[in-house]
Structures are given as C-alpha cells and as structure tokens.
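Structural overview
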Amino acid sequence: MEIIKASGISFRYGDEPVLSNIDFTVSTGDFVAVIGANGAGKSTMLKLILGELEPAAGVIELFGEDSRKFKDWPRIGYVPQSAYSKLSGFPATVQEIVGSGLYSKIGLFRFPNESHRERVRWALDKTGMRPFAKKLAGSLSGGQQQRVLISRVLVANPDVMLLDEPASGVDAESAASIYDLLGKMSREAGLAVVMVTHDMAKAKRHVSRVLQLDQGSLVTYPKTMSGT
Amino acid sequence: MLSIFSYEFMRRAFLTGILLAVIVPCIGLVVVLKRLSMIGDALSHTALAGVALGLVLGINPVLGAMGACIVSAFGIEAIRKRLKFSETSIAIIMSAGIGLAGVLSDFARGANFNSFLFGSIVAISSFETLIATIVSVMVMLAFILLYKELFYISLDERGARLAGVPVKAVNFIFTMLTAVTVSIASRTVGALIVSSLMVVPVACAMQLGRSFKQTLVFSVAFSVFFMVAGLFVSYYAGLKPGGTIALLGVASFCLVSVAKSVFTKILRLRRQEANG
C-alpha cells in the first residue's frame, strides 16, 4: 500500500529555498533513511509530511488523500529528536509515557481500561522495555529513552513511523540496536519507517532505501531496493 | 488545642483552605512541567488589578479578580504564540497587572484591598466560601476528566498535537481553570503568595514521586499539610496565614532536599559496601 506520495514538493523559508521539486513515495514495509548535510531540509521534509508546514508547490498525499485535508493522524506515528530533553526530569514512569500514545484513540473524557494496559505491555515487549515499565523514564540511558518514545508511537498501531534523528545523543551500540529494532518492525510487521539521520554509515546496513537531500534537491542513493 | 474549631470563621477557613490546597497543586503540576512556573505570579498580580477594579466599581472583588485573571491568562497565550517566548509573555502581563493594580489601588484604599496582598483566609465570607467550593469541585472534575490529555501536553505538546489530542481545546480549558483557581486562591493565601502554593508543593513532590500519579498525590498531600499546619501555626502564633503557609512550604522544600540528598548518599555508600 502506498502510504506517502510526494509530488513536485517545493518549500522556502522567506526568500530562502529549502526544498525544490521533490518526488518520492513510501509504501508498507519500506524502511527509508532521509540523509543530507545540516540545513539540507531533512526536518523540513518531516514537518511537511506531518502537516506542520505547507508546501509552496506540489502535493503530499497520505493514504491517497491530500495532506491538507488528511484527518486520520493516529495512523502516522512521530518520534521527535532528543528523547533526553523530553524525558529528563519529567516525573513519569515508562508505562505512563507509553500509555500516552493511546490517549487520542481513547478519546476525551474516557479512561484507559485493561485492554489499553495490555496494549502498553505489548508495545514494551516489542521494544524490549518491559522490565523497565515502572522505572522513571528520565532515569534511563539515552538509547533506552529513545526506545520508550518508539514504544509510545508503536502502541497506537500506526501504519508509518517518522523519526527525527533517532540515534542522536546515544552511543554506537544503542544506535545499532535502535536501527535493528526499526528494521525488524518494518520487515516483520510491515510498518513503514521514515527516519531522518545524519548517521549514514551506521544506518545504511539496516534501511531498504535512502533518500539523499543535497541543496534542496533529492538524490537517490545507490542502495535502492524499491523504487522512488 | 482544638479550640480553634469553636470559631465559625476558622471552620470556614479550614474548609476553604483545604479545598484550595487540593486544586492549586493540580494546576501547579501542569504549570511547572510546562515550564510556566511564573504564570501564577503574573496572574495573581493581575488578580490584584481586578480586585482594585472591583472595589472601585463596587463589584465583588473576587469576581473582579476572576475576570482580570481570565483576560490575562488568554493575553499570555496570545502573546506567547506571537513572540514564541513564554517568559516574555508572562513578564508583559505581569507588568500590566502590577501597573494597573498600582494605579487603581489609589482609588481603592482600605483593608479590603490590602487583605488581597497577603490573603485573609480567616476573614472570608460565606459567599466567598461558596464560590471557592463551586470552583474547587469544577476544577477537580475538569482535572480528572482531562488528566490524560494534560499529562500528554505537559510532556510533549507538539507530540500530543501530532497524535491527534485536541491540544487547543484542552489548553483553553486549562487556561480558564488556572485563571479561576489563582483568583480564588488570591483571596485566601494572598496574591503575593499564591504562586508559591502553586509551585512549592510540586517542587517537594517532584523530589519524591516515582511516577506522574504519585507526584500529583504527593503535591496535593504537601499542599494540604502546608495549609493546615500554616493555619494552626498562624492562629496560635498570631501570624499572617498566607505568609506562614508560604514559609512552611519553603522550609519543607529545604528539608526534603537535604533529606533526599543524605538518603541518596547513604544508599550509595551501602551499595558500595555490599559490592565490596
């Protein structure tokens, strides 16, 4: 299934062009790395997909629908950059944080029930964080905190997961295990994964496709297992 | 010892004080975690302007404070969105509140205005107790119903919005709750002290809480303790209740901090001994 389809996307901040005429698609089971130098427009591209910015030209379709009209956002999971700054000092357990990923599905004025708690345990099992369920998330290592935020997205059962620099600020071993985990979810559960990273050397062993941004244009990297 | 309860005004003070001690840290926890701790200060100062305006216009000062707080709370949100710096927006509204309160206080001289500076929980009327009770029940109900959304927004507002949580609506309701709570609390503990009741119990609880829920429960427990102990101490020692409550809070914070650091060191030493 085609999940994201970007056609002729351009974007500028004021007079400064950031992206020009970008085309790409992401389908079920794809594991895509978006790479490029600082300021290449990687995070801008994520914001465009997430509907936080509107393209100056072109269209982004999500599940076949124009992103400007798209409403079913729980199908798209987003893992922000710097888990550490989000979780450090915040007085919440791992299971409380992961449970929050279900809150929009549960809806206003309703309370989580046993099936929701079971779903949280499932997500923690998938990321190997179950033994830490009752620990304060801020007391964990950077890599473990990143897994907590991945679990928070996974718990809502999205079709696609977007990640902004998931391995930033974590050691090499933790980074590799995060890429392993994402690759496994993509292969085994058919989850589409789009990950912005500057860490191409480590990431390329795990991804199925690379989109390289260079001065606002898209260059498809040699490693291409499915078409752009 | 319990002769304190033989007076109607003290029974009213305890009832109102405990109700407020329950709701203020609920609001305070979200405010602290959203890194908006100074919002209590800004709103309580504009509450003073509302009090003065109420006295000048002959309106109940608590209602005047409530109106001023609601307008200011939305003012802070509006400026925050325009400037993107929450501290600046709070400072601007606080300046407006202090300025207005200063100018209007000249036209509203008297004990009634001064009682709002440091609070006058033992002098509140039955009508004010009724307003405090209604507001407290409303805030508690709203907090319980929006607990999970407020948790998510405190943790990660952008993430909550992207996940489909109705962040705008929840923030609107929370802003109203904050404004109403601060205006009521200004009457009891005093405008100059209300933000300490909002922040200090939470600061104590955050050192001990092992989860969000536990931190909330500890915040409320600390707050109720400060309120009850503060009322007892101020009654028997002839001190101002608002100031006594705030000082008890700060003293407890220092005690909790020292106790925690000593306890952590002892634990570390024991672990080192156990590991040889």
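Higher on the page you've got the structure.
Below you will find a few notes about this structure. (Residues numbered from 1 in each chain as written. Chains lettered and ligands numbered in written order. Predicted model: local features only at pLDDT ≥ 70, side-chain atom pairs only at ≥ 80, totals over all residues. Heavy atoms only, no water.)

1. Observations concerning unusual backbone geometry
For residues besides glycine, phi is generally negative; the peptide bonds are generally trans as well. Residues and elements named next belong to chain A. Of note in this structure, phenylalanine 63 is not a glycine but carries a positive phi near 55 degrees. Tracing the backbone through its elements, the reader meets phenylalanine 63 in the loop between strand E4 (57-62) and strand E5 (65-66). Judged by relative accessible area, which is 18%, phenylalanine 63 ranks as buried. The backbone phi angle of glutamine 215 is positive, close to 50 degrees, even though this residue is not glycine. Within the secondary structure, glutamine 215 is located in the loop between strand E9 (209-214) and strand E10 (217-224). (Helix = DSSP H or I, 4+ residues; strand = E, 2+ residues; numbered from the N terminus. Buried < 20%, exposed > 50% of the residue type's maximum accessible area, 1.4 Å probe, protein only.)

2. Structural notes on the interface of chain B and chain A
With 27 residues of chain B at the contact, the number on the chain A side is 30 residues. At the boundary of chain B with chain A, total buried surface from both sides reaches about 2,400 Å², with 65% on carbon and sulfur atoms. Looking at the side of chain B facing chain A, the largest losses of area belong to Lys148(B), Leu155(B) and Leu162(B), adding up to 28% of the total buried there. Counting across the interface, chain B meets chain A through three salt bridges. Among the ionic pairs, Glu52(A) bridges to Arg158(B), the shortest N-O distance being 2.5 Å. At the boundary of chain B and chain A, one finds nine residue pairs in polar contact (both at pLDDT 80 or more). Among the secondary structure elements, those contributing two or more residues to the side of chain B that touches chain A are helix H6 (126-145), helix H7 (147-155), helix H8 (157-162) and helix H11 (212-237) of chain B. With seven residues, the single largest contributor to the side of chain B that touches chain A is H7(B). Residue composition of the side of chain B that touches chain A, grouped by class: 15 nonpolar, five polar and seven charged. (Contact = heavy atoms within 4.5 Å. Buried area = accessible area lost by both parts, 1.4 Å probe. Salt bridge = Lys/Arg side-chain N within 4 Å of Asp/Glu carboxyl O. Polar contact = N/O pair within 3.5 Å; in protein donor to acceptor, adjacent residues only side chain to side chain. Nonpolar A, V, L, I, M, F, W, Y, C, P; charged D, E, K, R; others polar.)

3. Some points on the pattern of salt bridges
Under the counting rule described, the total for this entry stands at 14 salt bridges over all chains. Residue Arg117(A) is joined to Glu114(A) by a salt bridge in which the shortest nitrogen-to-oxygen separation is 3.3 Å. Placement of the pair is Arg117(A) and Glu114(A) together in helix H5 (residues 114-127), with a separation of three residues, close to one helical turn. Its relative accessible area of 42% is what places Arg117(A) among the partly exposed residues. Its relative accessible area of 46% is what places Glu114(A) among the partly exposed residues. Between Glu8(B) and Arg12(B) there is a salt bridge; the shortest N-O distance is 3.7 Å. Residue Glu8(B) and its partner Arg12(B) are located together in helix H1 (residues 8-33), separated by four residues, close to a single helical turn. Taking the relative accessible area as the measure of exposure, Glu8(B) reaches 46% and is therefore partly exposed. The buried category is assigned to Arg12(B), whose relative accessible area is 19%.

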